[in-house]
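# Structural description and commentary
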Amino acid sequence: SLASPAGLPHFTALRKALLAPLDLGIDEQTLRSLAPEALLSRLYRAGIDIDVELKQMLGGGHPNAVHRLAAEILRRGETAWTTNFDELIESACIEDAISFHRIQPGDEVDCDCGLGHLLKVHGTLSASTVLARAEEVLVPLGAAWLERLRQDCDGAEVTILGYAGADIDLRFGLETALVGARHATWFTQPKDLDDLRRRFPRALG
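Here's what I pulled together on the structure shown here. The model shown is predicted, which means the values in this text are computed figures rather than measured ones.

## Considerations on the pattern of salt bridges
Summed over the entire model, instances satisfying the criterion amount to 12 salt bridges. One salt bridge connects Glu72 with Arg75, and the closest N-O pair in it is separated by 3.0 Å. Within this pair, Glu72 and its partner Arg75 are both found in helix 5 (residues 65-75), separated by three residues, close to a single helical turn. The salt bridge involving Lys191 is made with Asp192; its shortest N-O contact spans 3.3 Å. The exposed category is assigned to Lys191, whose relative accessible area is 62%. Because the salt bridges share partners, they merge into one network encompassing Glu87, Glu90, Arg102 and Lys120.

## Some thoughts on the environment of Thr176
Note that Thr176 resides in helix 9 (residues 168-179). For the pair Thr176 and Arg150, spaced 26 residues apart in sequence, the C-alpha to C-alpha distance is 7.3 Å.

## Details of the sheet that holds strand 3 (residues 116-120)
Note on sheets: strands pair through backbone hydrogen bonds, and any given pair is parallel or antiparallel. Strands sit in the order 1-3-2 across an open sheet of three strands; the sheet is parallel. With one partner strand each, in any of the chains shown, strand 1 (79-82) and strand 2 (100-103) form the two edges of the open sheet. Pairs of neighbouring strands in the sheet enclose a mean axial angle of 15°, with direction left out of account. With four bridges connecting them, strand 1 and strand 3 associate as parallel partners. Within strand 3, the position partnered with Thr79 by the bridge is His117. On top of the sheet, helix 8 (residues 143-153) reaches strand 1, strand 2 and strand 3; it is set at about 130° to strand 1, its chief contact.

## Section: the nonpolar core
Residues Trp145, Val158, Leu174 and Trp186 are the most contacted members of the largest nonpolar core, which totals 20 residues. The set of elements that each furnish at least two residues to this core consists of helix 8, strand 4 (157-161) and helix 9. It is helix 9 that contributes the most residues to this core, four residues altogether. Once residues lying within four places of it in the same chain are set aside, the contact partners of Val158 are Cys153, Leu178, Ala181, His183, Ala184 and Thr185. One finds Leu18, Leu88, Leu125 and Val130 within the second-largest nonpolar core, a separate group that totals 18 residues.

## Topic: a negative patch on the surface
Together, Asp107, Glu108, Asp110 and Asp112 make up a region of like negative charge exposed at the surface. Mapped onto the elements, Glu108 comes out in the loop between strand 2 and strand 3.

## A closer look at helix 8
Three or more residues of helix 8 are buried, namely Trp145, Arg148, Leu149 and Cys153. Burial along helix 8 is one-sided: seen end-on, the buried residues are contained in an arc of 125°. Where helix 8 is buried, its residues contact strand 1, strand 2, strand 3, strand 4 and helix 9.

## Some remarks on the packing of helix 5 against helix 6 (residues 88-95)
At a minimum axis distance of 8 Å, the contact between helix 5 and helix 6 shows a crossing angle of 65°. In the crossing of helix 5 with helix 6, the sense of the turn from one axis to the other is right-handed. Residues His67, Arg68, Ala70, Ala71 and Leu74 of helix 5 lie in contact with helix 6, whose contacting residues are Leu88, Ile89, Ala92, Cys93 and Glu95. In the contact of helix 5 with helix 6, the residues fall into seven nonpolar, one polar and two charged.

What counts and how
Residues numbered from 1 in each chain as written. Predicted model: local features only at pLDDT ≥ 70, side-chain atom pairs only at ≥ 80, totals over all residues. Heavy atoms only, no water. Salt bridge = Lys/Arg side-chain N within 4 Å of Asp/Glu carboxyl O. Helix = DSSP H or I, 4+ residues; strand = E, 2+ residues; numbered from the N terminus. Buried < 20%, exposed > 50% of the residue type's maximum accessible area, 1.4 Å probe, protein only. Pairing = 2+ DSSP bridges. Axes fitted to C-alpha atoms, helices over the stretch in contact; angles between N-to-C directions. Contact = heavy atoms within 4.5 Å. Core = buried A, V, L, I, M, F, W, Y, C linked by side-chain atoms within 4.5 Å. Patch = residues over 30% accessible without salt bridge, like charges linked within 9 Å, V, L, I, M, F, W, Y side chains within 5 Å. Areas by Shrake-Rupley, 256 points an atom, 1.4 Å probe, with all protein chains shown as cover. Lys, Arg positive; Asp, Glu negative; His and termini not counted. Charge placed at Lys NZ, Arg CZ, Asp CG, Glu CD. Arc of directions from axis to C-beta. Left-handed = near helix turned anticlockwise from the far one by under 90°. Nonpolar A, V, L, I, M, F, W, Y, C, P; charged D, E, K, R; others polar.

Following this line, the structure appears as structure tokens:
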């Protein structure tokens, strides 16, 4: 959701905005080395309402080409997964009059309603909470979510856009699921390729 006209901030900008009014006694190099989830956990323990802050900073923007592609996938009755909290895919669907079924943490993932399914692994901004802190995402996905991911990829043509694959909760289940795909195309920047191959050796090795 970085590309125009979405224009939502990268975590570097989020981190700067969150830390601006605080004095946590952590040097700049350490802050840069902290995973986003670990930093958000520290801020939460320091009394910052992470959910409110994320909703304020990620609540704007307009759908870009990637969001509209996801919406078209949903129009066809297929499935799109995202770890993003923003609701620009939903906005693209609303603008194009596309009906879909959104599934987020706490929902039943096994559904045969016939609509395209948008699976939001870490929740969504309009929910009461989003899953952003280390204690929430450094554990594997639940068995039902892992099985849904496996089924969605099994024998399918899978395309991955704009995802670094760094989420611990999703990483191992995604690698197993990709091994079962008929074909997988991962669009990434050349500088990220070595990290992806390290994180997904069976799928991308």
